[in-house]
Amino acid sequence: FNPDDSILQKDFIVMLLRSAYPEYSGENDTDYERYYELAIRRNIITEKDKHPDASVTKLEASKMIVNALELGYIADLGSIFHLDVKDVSFIASENKGYAAIAVGLGLVDTAGGQFNPDAKLTRGETAAMLVKFLKIEKTPKA
């Protein structure tokens, strides 16, 4: 599992989609293109943000999870959010809503009062985020 290793985007996408859409659990985990197609179709990530072999930052992971929760349209209203972390000035205004939602839902650790948006996420931190993601009460669609 290598919990202290950075997680690559392609592996994060697979883990997130398998968590969000368990019906895909029987699929091949190395068929990354299929997972990316689904992630793009579900507005979890855009084609221009697709970088399979790049490490995922805390902010990028927060954005993908918030999008998986279908809250991206709210997060895009970044100016309505208050984010009480010491490094808020390092979070671009268009990303502030994503960070605020991730913090508010308890998805990210803000130990020391820092969000650390550019910190590379480890595989262990990813697992913890996804467990928290799965515990969020989601309203059923009508």
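Scroll up for the structure.
Below or above, wherever it landed, is the structure these notes cover.

The rules behind these values
Residues numbered from 1 in each chain as written. Predicted model: local features only at pLDDT ≥ 70, side-chain atom pairs only at ≥ 80, totals over all residues. Heavy atoms only, no water. Salt bridge = Lys/Arg side-chain N within 4 Å of Asp/Glu carboxyl O. Helix = DSSP H or I, 4+ residues; strand = E, 2+ residues; numbered from the N terminus. Buried < 20%, exposed > 50% of the residue type's maximum accessible area, 1.4 Å probe, protein only. Polar contact = N/O pair within 3.5 Å; in protein donor to acceptor, adjacent residues only side chain to side chain. Contact = heavy atoms within 4.5 Å.

## Overview of the pattern of salt bridges
By the definition in use, this model includes four salt bridges. Across the pair Arg 123 and Asp 11 runs a salt bridge, and its minimum N-O distance is 3.8 Å. With Arg 123 in helix α6 (residues 123-135) and Asp 11 in helix α1 (residues 9-20), this residue pair connects regions lying 112 residues apart in the sequence. The class of Asp 11 is buried, set by a relative accessible area of 19%. In this structure, Lys 48 and Asp 49 form a salt bridge, with 3.7 Å as the shortest nitrogen-oxygen distance. According to the relative accessible area criterion, Asp 49 is partly exposed, its value standing at 32%.

## Topic: the side chain of Ser 19
Mapped onto the fold, Ser 19 is located in helix α1. At 2.9 Å, the side chain of Ser 19 forms a polar contact with the backbone oxygen of Met 15. Excluding residues that lie within four positions of it along the chain, Ser 19 makes contacts with Leu 130, Phe 133 and Leu 134.

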